[in-house]
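Each chain is listed here by its residues.
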Amino acid sequence: MSRVTVSIRSFNYPEFYVRHKNGEGWMDKHDHSDLFKKDGSWRIVPGLADPHAISFESVNYPGYFLRHKDALVFAHQNDGSDLFRKDATFWSRPGLAHPESNSFESVNYPGWFIRHQDARLKMSNTAADGPELLRKDATFAVCQSLQHS
């Protein structure tokens, strides 16, 4: 898989994008600032723990990846550990709320997906038949990088 630069938009709040802020993963409304465009742009790279899966590398902080820890999502520097590689690797699945979108399932916690809640990115055990809001919060559109807008 080649490195593709993207932004990740919320399915149920389409003006909100995944970004990092102070090392944490957030879903914020696009404010059109240069900083937001950088913080909201990611390289999709082969999964750090499994090359058939994916990892999200920060564009403006190379070597920093979205990863889960204690059920929250962070943008942390790759420390090279096996745990980090697993925590920063996700399966791209058809969207739980819309099959033409995407949901991102943890490699090391099957059935746990990235979702947003109160703007914070976190992990939830979001079964495909779970509550509608959970499925929507765990569904995203992968789109052209905000840096190109």
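Let me begin by describing the structure that accompanies this report. Here the structure is a predicted model, which is why all the values come from computation and not from measurement.

### Observations concerning unusual backbone geometry
- With a phi close to 70°, Ala71 is a non-glycine residue in the positive phi region.
- Residue position: Ala71 is located in the loop between β6 (64-69) and β7 (72-77).
- The residue Asp118 is not glycine, and still its phi comes out positive at about 55°.
- Examined against the element boundaries, Asp118 turns out to sit in the loop between β10 (112-117) and β11 (120-125).
- For Asp118, a relative accessible area of 72% puts it in the exposed group.

### Focus on the pattern of salt bridges
- Across all of its chains, the model carries nine salt bridges by this definition.
- Between Lys86 and Asp82 there is a salt bridge, and its shortest N-O distance comes to 3.1 Å. Highlighted residues: Lys86 and Asp82, both in helix α2 (residues 82-87), separated by four residues, approximately one helical turn.
- Accessibility expressed as a relative area gives 34% for Lys86, which makes it partly exposed.
- On the basis of relative accessible area, Asp82 is assigned to the partly exposed category, the value being 42%.

### A closer look at the layout of surface pockets
- There is about 190 Å³ of room inside the largest pocket.
- Every element with two or more residues in the lining of the largest pocket is listed here: β6 and α2.
- Here the lining of the largest pocket gets three residues from one element, more than from any other, and that element is β6.
- Class assignment for the residues of the lining of the largest pocket results in five nonpolar, two polar and four charged.

### Some thoughts on the packing of aromatic side chains
- Under the defined criterion, the tally for this structure stands at six aromatic pairs.
- A centroid spacing of 5.0 Å and a plane angle of 85° characterise the contact between Phe56 and Phe104, whose relative ring orientation is edge-to-face. With Phe56 in strand β5 (residues 54-58) and Phe104 in strand β9 (residues 102-106), the pair connects residues that are 48 residues apart, well separated along the chain. Phe104 matches Phe56 in its accessibility class, with the two residues each being buried.
- Seen in terms of ring centroids, Phe65 and Phe84 are 6.4 Å apart; in terms of plane orientation they differ by 75°. Their pairing is edge-to-face. Taken together, the residues Phe65 in strand β6 and Phe84 in helix α2 connect sequence positions 19 residues apart.
- Phe84 gets classed as buried once you look at its relative accessible area, which sits at 0%.
- Here Arg120 stacks its cationic end above the ring of Trp26, 5.6 Å away from the centre of that ring.

Criteria and thresholds
Residues numbered from 1 in each chain as written. Predicted model: local features only at pLDDT ≥ 70, side-chain atom pairs only at ≥ 80, totals over all residues. Heavy atoms only, no water. Helix = DSSP H or I, 4+ residues; strand = E, 2+ residues; numbered from the N terminus. Buried < 20%, exposed > 50% of the residue type's maximum accessible area, 1.4 Å probe, protein only. Salt bridge = Lys/Arg side-chain N within 4 Å of Asp/Glu carboxyl O. 1 Å grid on protein atoms, 1.4 Å probe; cavity = no way out; pocket = protein on both sides within 12 Å on 5 of 7 lines; lining within 4 Å. Points joined across faces, edges and corners; volume = space filled by probe spheres on them. Nonpolar A, V, L, I, M, F, W, Y, C, P; charged D, E, K, R; others polar. Phe/Tyr/Trp six-rings, centres within 6.5 Å; stacked < 30°, edge-to-face > 60°. Lys NZ or Arg CZ within 6 Å of the ring centre and 35° of its normal.

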